[in-house]
Amino acid sequence: MAGRPREFDREAALEAAMLLFWRKGFAGASMNDLCEAMGVRSPSLYAAFNSKEALYLAAFQHYAATDGQAVWDKLAEGATARAGVENLLIKAADTLPKSRTAPAGCMVALGAISDEWPATIAREVRKVRLELLDNLRARLEAAVSSGELPDATDVNALSRFYLGVFQGMAIQAKDGATQAELRGAAKAAMAAWPGVD
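These notes cover the structure that comes with them.

Calculation criteria
- Residues numbered from 1 in each chain as written.
- Predicted model: local features only at pLDDT ≥ 70, side-chain atom pairs only at ≥ 80, totals over all residues.
- Heavy atoms only, no water.
- Helix = DSSP H or I, 4+ residues; strand = E, 2+ residues; numbered from the N terminus.
- Buried < 20%, exposed > 50% of the residue type's maximum accessible area, 1.4 Å probe, protein only.
- Contact = heavy atoms within 4.5 Å.
- Areas by Shrake-Rupley, 256 points an atom, 1.4 Å probe, with all protein chains shown as cover.
- Lys, Arg positive; Asp, Glu negative; His and termini not counted.
- Charge placed at Lys NZ, Arg CZ, Asp CG, Glu CD.
- Arc of directions from axis to C-beta.
- Phe/Tyr/Trp six-rings, centres within 6.5 Å; stacked < 30°, edge-to-face > 60°.
- Salt bridge = Lys/Arg side-chain N within 4 Å of Asp/Glu carboxyl O.
- Axes fitted to C-alpha atoms, helices over the stretch in contact; angles between N-to-C directions.
- Parallel < 35°, antiparallel > 145°, perpendicular 65-115°, else oblique.
- Nonpolar A, V, L, I, M, F, W, Y, C, P; charged D, E, K, R; others polar.
- Core = buried A, V, L, I, M, F, W, Y, C linked by side-chain atoms within 4.5 Å.

This paragraph deals with the overall build of the chain. From N to C terminus, the chain includes 10 helices and 0 strands. Secondary structure elements of the chain occur, N-terminal to C-terminal, as α-α-α-α-α-α-α-α-α-α. Oriented by its inertia axes, the alpha-carbon framework of the chain measures out at about 70 × 35 × 30 Å. Relative to its full complement of 197 residues, the chain shows a buried share of 44%. In the chain, the proportion of contacts linking residues at least 24 apart, taken out of those at least 6 apart, comes to 68%. For the chain, the accessible surface area stands at approximately 10,300 Å², while carbon and sulfur atoms represent 52% of it. Both charge centroids of the chain, one from 22 positive and one from 24 negative side chains, sit 5 Å from each other.

If you want it as structure tokens, here you go:
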């Protein structure tokens, strides 16, 4: 005898949970809110995801692989590292403000920024943020190796600077900054790009 079919589309439910967690955070999204957004009853939610914490982690990974990846893939585009970083910041400026389909900001940049978050979530969010820093560092190290950036470039500091710009843009978008305002911030950040001696 076959088991009961799932009562919901897991991917659609995960997308709905992602948007709710992105908008409200972990603590702000109640189980009732999640069930309503996902169109499921509590037993189905627990059967599929085990816990609210596990659901958040699944939603966070979904965000990182979809919305987040669409922005961070821009880092690899462009003939130079400078072009890649600029592409990343411009894409961020275009996508971070609230839209018809997504909340403002970045789920990775805004997640687990206080000690009130469960430790497993805080570890995962921190891990992804460090991966973003590593991606920037690798692109900038390649730029030093190729001669695009001076040998004396402090790659660690420059990586943290541009990640900080991105994270700041995410917070500003959450506070209502427009696409034009964020593009201005991106342009100002690119003016700080080191020159070759």
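Next comes the rest of the description.
Attention shifts here to the environment of Trp193. Counting through the fold element by element, Trp193 comes out in the segment after helix H10 (179-190). The buried category is assigned to Trp193, whose relative accessible area is 11%. Setting aside chain neighbours within four positions, we find Trp193 in contact with Ala81, Arg82, Val85, Leu140, Glu148, Leu149 and Tyr162.

The periodicity of an α-helix, 3.6 residues per turn, causes residues three or four places apart in sequence to face the same way. Taken as a whole, helix H3 (residues 42-49) has its buried residues at Ser44, Leu45, Ala48 and Phe49. Buried residues of H3, viewed axially, fall in a sector of 105°; they line one side. Turned more than 90 degrees away from the buried face of H3, the exposed residues are Pro43 and Ala47. Those residues of H3 hidden inside the fold are in contact with helix H1 (10-28), helix H2 (31-38) and helix H4 (52-65). Asn50, located one to two residues past H3, shows a positive phi value of around 75°.

To describe a pair of aromatic rings, one takes the distance between the centres and the angle between the planes. This structure, assessed with the given rule, holds 10 aromatic pairs. Centroid distance Phe161 to Tyr162: 4.8 Å. Interplanar angle 75°. Geometry classified as edge-to-face. Here Phe161 falls in the partly exposed class, since its relative accessible area comes to 36%. For Tyr162, a relative accessible area of 1% translates into the label buried. What links up through ring pairs into an aromatic cluster is the set Phe21, Phe26, Tyr56, Phe60 and Trp117.

Before going further, it helps to spend a moment on the environment of Gln61. Secondary-structure assignment places Gln61 in helix H4. Residue Gln61 is classed as partly exposed on the basis of its relative accessible area, which comes to 35%. For Gln61 and Val125, which are 64 residues apart along the polypeptide, the C-alpha to C-alpha distance reads 9.3 Å. Excluding residues that lie within four positions of it along the chain, Gln61 makes contacts with Glu124 and Val128.

Scanning the model with the defined rule gives 7 salt bridges in all. Taking the shortest distance from any N to any O, the salt bridge between Glu86 and Arg82 comes out at 3.2 Å. With a gap of 4 residues between them, Glu86 and Arg82 both fall in helix H6 (residues 81-95), about one helical turn apart. With relative accessibility at 30%, the residue Arg82 sits in the partly exposed group. A salt bridge links Glu131 to Lys127, with the shortest nitrogen-to-oxygen separation between them at 3.5 Å. Pair noted here: Glu131 and Lys127 are both in helix H8 (residues 119-146), with a separation of 4 residues, about one helical turn.

Two numbers describe how H6 lies on helix H9 (residues 155-174): the axes approach to 10 Å, and their chain directions differ by 10°. Between H6 and H9, the angle is such that the two are roughly parallel. Along its contact with H6, which presents Val85, Leu89, Ala92 and Ala93, the element H9 presents Tyr162, Val165, Phe166 and Met169. Its residues placed into classes, the contact of H6 with H9 shows 8 nonpolar, no polar and no charged.

Phe21, Met38, Leu89 and Phe166 are the most contacted members of the largest nonpolar core, which totals 64 residues. If near-sequence neighbours (up to four positions away) are discounted, Leu89 is found in contact with Tyr162, Val165, Phe166, Met169, Ala186, Ala189 and Met190.

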